[in-house]
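Structure at a glance
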Amino acid sequence: MTAPAALSTRPARRRGRFGVHLFLTAVSLAFLAPLLLAVYASLRPYEETAAHGYFSLPRHLSFDYYKQAFVDSGMSKYFLNSLVIAVPGVLVTLFLASFVAFAVSRLRIRGGIVLLMVFTAGNLLPQQVIVTPLYVLFNKIPLPYWMSDSLTMYDSLWAVTAVQVAFQLGFCVFVLANFMRTLPREILEAAIVDGAGVWAQYWRVTLPLCRPALAALGTLQFTWMYNDFLWGLVFLSEGDKLPVTSALNNLRGQFFTDYNLLAAGSVLVALPTILVFLLLQRHFIAGLTLGASKG
């Protein structure tokens, strides 16, 4: 390519990049619009939005709704319930998934592909199909008094955590197994030559290399488990044990609902997931872009 031809292609590339950035900016704003509108509404009195509309200019802004939402809904105990469900659920899911993925992808066990297909197929089962069987099953599984007030798995946080782990395990096994297959085989062979056993190969060699993938999955899993609304309503009968997503119902009146107050509560509920993403953002992006430059 001659120099004039190369120079002529540069403006076209710049226009193409500008178009891509413009498109991505528009899509990002479209996804952020509901959150931004909720934040904007939560800072305004309901009387003002009722008189002038939600898209009008503000006359008065304050954080009073946030304090009211946190106090009126008793959100602190619901936050704790959600964390008790999500944090152990994420850790157990990632540990079990990484262990199965290591056995399937690195140890070349007999029937590993079939096992991976079974775990993946579990994600295709609609959750609502097994609500009734699980409800009956958890009412028949006994637990000691220090684990459950009802002396069964039903009406305990253990039930919600177990269901979350079971349903998210297949997806994590699928992702981690495919990621582990991309790791150089020579690293594992060198560990075997040095006398590393199966546990050392898994814990000290493979898992450190999977840190970006684990961080990306951890972020997604925490978001899904924390935001879940179905299983808490199905398996928890006492209001004090419900997750934080159900606390928003406490902000709805019988005859009137202040949607600005509800918006403030929704923003408060979303804060932990935003914080987790910000803390793991670097690892999350690295996990999503791994392998993009291979080939």
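To keep things clear, this report deals only with the structure shown in the data block.

Cut-offs used in this document
- All chains use their own residue numbering, which begins from 1 and follows the written sequence.
- Under the rules for a predicted model, residues below a pLDDT of 70 receive no local features and side-chain atom pairs below 80 are neither given nor counted, while totals for whole chains, interfaces and linings still include all residues.
- No hydrogens and no water enter the side-chain calculation; it runs on all heavy atoms of the structure.
- Counted as salt bridges are all cases of a side-chain nitrogen of Lys or Arg within 4 Å of a carboxyl oxygen of Asp or Glu.
- Secondary structure follows DSSP: runs of H or I at least 4 residues long count as helices, runs of E at least 2 residues long count as strands, and numbering of each begins at the N terminus.
- Think of it in three bands: residues with accessible area under 20% of the maximum for their type are buried, residues over 50% are exposed, and the middle band is partly exposed, with areas taken using a 1.4 Å probe on protein chains only.
- Polar contacts, as used here, are pairs of N or O atoms within 3.5 Å; protein pairs need one atom able to donate a hydrogen and one able to accept it. Residues neighboring in sequence count only if both atoms are side-chain atoms.
- In what follows, residue pairs with any heavy atoms lying within 4.5 Å of each other are defined as contacts.
- Each Phe, Tyr or Trp ring, with Trp reduced to its six-membered ring, pairs with another whose centre is within 6.5 Å; inter-plane angles below 30 degrees give stacked pairs, above 60 give edge-to-face pairs, and intermediate values give tilted ones.
- Expected helix span is computed as 1.5 Å times (number of residues minus one).
- Only the contacting stretch of a helix is used when fitting its axis, a line to C-alpha atoms as for every element, and angles between N-to-C directions run 0 to 180 degrees.
- Crossing handedness follows the turn of the near helix against the far one: under a right angle anticlockwise gives a left-handed crossing, and clockwise gives a right-handed one.
- Gly is placed with the polar residues, together with every amino acid not listed as nonpolar (Ala, Val, Leu, Ile, Met, Phe, Trp, Tyr, Cys and Pro) or charged (Asp, Glu, Lys and Arg).
- Among the buried residues, those of types Ala, Val, Leu, Ile, Met, Phe, Trp, Tyr and Cys that are joined through side-chain atoms within 4.5 Å form a nonpolar core.

1. Focus: the pattern of salt bridges
Counted according to the given criterion, the structure contains four salt bridges. Two residues, K77 and D240, come together in a salt bridge whose shortest N-O distance is 2.9 Å. With K77 in helix α4 (residues 75-105) and D240 in the loop between α11 (230-235) and α12 (259-279), this residue pair connects regions lying 163 residues apart in the sequence. The closest approach of N and O atoms between D149 and K241, which form a salt bridge, is 3.6 Å. Of this pair, D149 sits in the loop between α6 (131-138) and α7 (157-180) while K241 is found in the loop between α11 and α12, placing the two residues 92 residues apart along the sequence. Given the relative accessible area of 59%, D149 is considered exposed. Under the relative-accessibility criterion, K241 is labelled buried at 14%.

2. Thoughts on the side chain of R44
Locating R44 in the fold gives a position in the loop between α1 (3-42) and α2 (46-52). Residue classification places R44 among the buried residues on the basis of a relative accessible area of 1%. A polar side-chain atom of R44 sits 2.9 Å from a polar atom in the side chain of E48. Setting aside anything within four residues of it in sequence, one finds R44 in contact with T49, G53, Y54, S56, L57, P58, H60, L61, Y65 and N260.

3. Notes on the packing of aromatic side chains
Under the criterion given, the structure shown has 15 aromatic pairs. Taken together, a centroid distance of 6.4 Å and an interplanar angle of 75° make the contact between F95 and Y202 edge-to-face. Here Y202 lies in helix α9 (residues 198-209) and F95 lies in helix α4, a separation of 107 residues in the sequence. Overall, the relative accessible area of 37% leaves F95 in the partly exposed class. Aromatic pair W199 and Y202: ring centres 5.5 Å apart, planes at 50°, arrangement tilted. Of the two residues, W199 and Y202 are both situated in helix α9; the distance of three residues between them amounts to about one turn of the helix.

4. Some thoughts on α9
The end-to-end C-alpha distance of α9 is 16 Å, a good match for the 16 Å that twelve residues give at a rise of 1.5 Å each. Three or more residues of α9 are buried, namely A200, Q201, Y202, V205, T206 and L207. Against α4, α7, α8 (185-193) and α10 (211-227) lie the buried residues of α9.

5. Digging into the environment of V84
Locating V84 in the fold gives a position in helix α4. Take V84: its relative accessible area is 37%, and that puts it in the partly exposed class. When residues no more than four places from it in sequence are discounted, the contact partners of V84 are L157 and T161.

6. Section: the packing of α4 against α10
Across the interface, α4 lies against α10 with an axial gap of 9 Å and an inter-helix angle of 145°. The way α4 lies across α10 gives a crossing that is right-handed. On the side of α4, the interface is formed by F79, S82, L83, A86, V87, G89, V90, T93 and L94, while α10 contributes L214, L217, G218, Q221, F222, M225 and Y226. Residues of the contact of α4 with α10, tallied by class, amount to eleven nonpolar, five polar and no charged.

7. Quick notes on the nonpolar core
Grouped together as the largest cluster of nonpolar side chains are 61 residues, with contacts concentrated most on F138, V163, L176, Y226, W231, F235 and V244. Of all elements in the fold, only α3 (64-72), α4, α6, α7, α9, α10, α11 and α12 reach the threshold of two or more residues within this core. Apart from the residues within four sequence positions on either side, Y226 is in contact with F79, S82, A86, V244, T245, V269, P272 and T273.

8. Considerations on the environment of F179
Residue position: F179 is located in helix α7. Taking the relative accessible area as the measure of exposure, F179 reaches 14% and is therefore buried. Distance from F179 to C210, taken between C-alpha atoms, is 7.7 Å for residues 31 residues apart in sequence.

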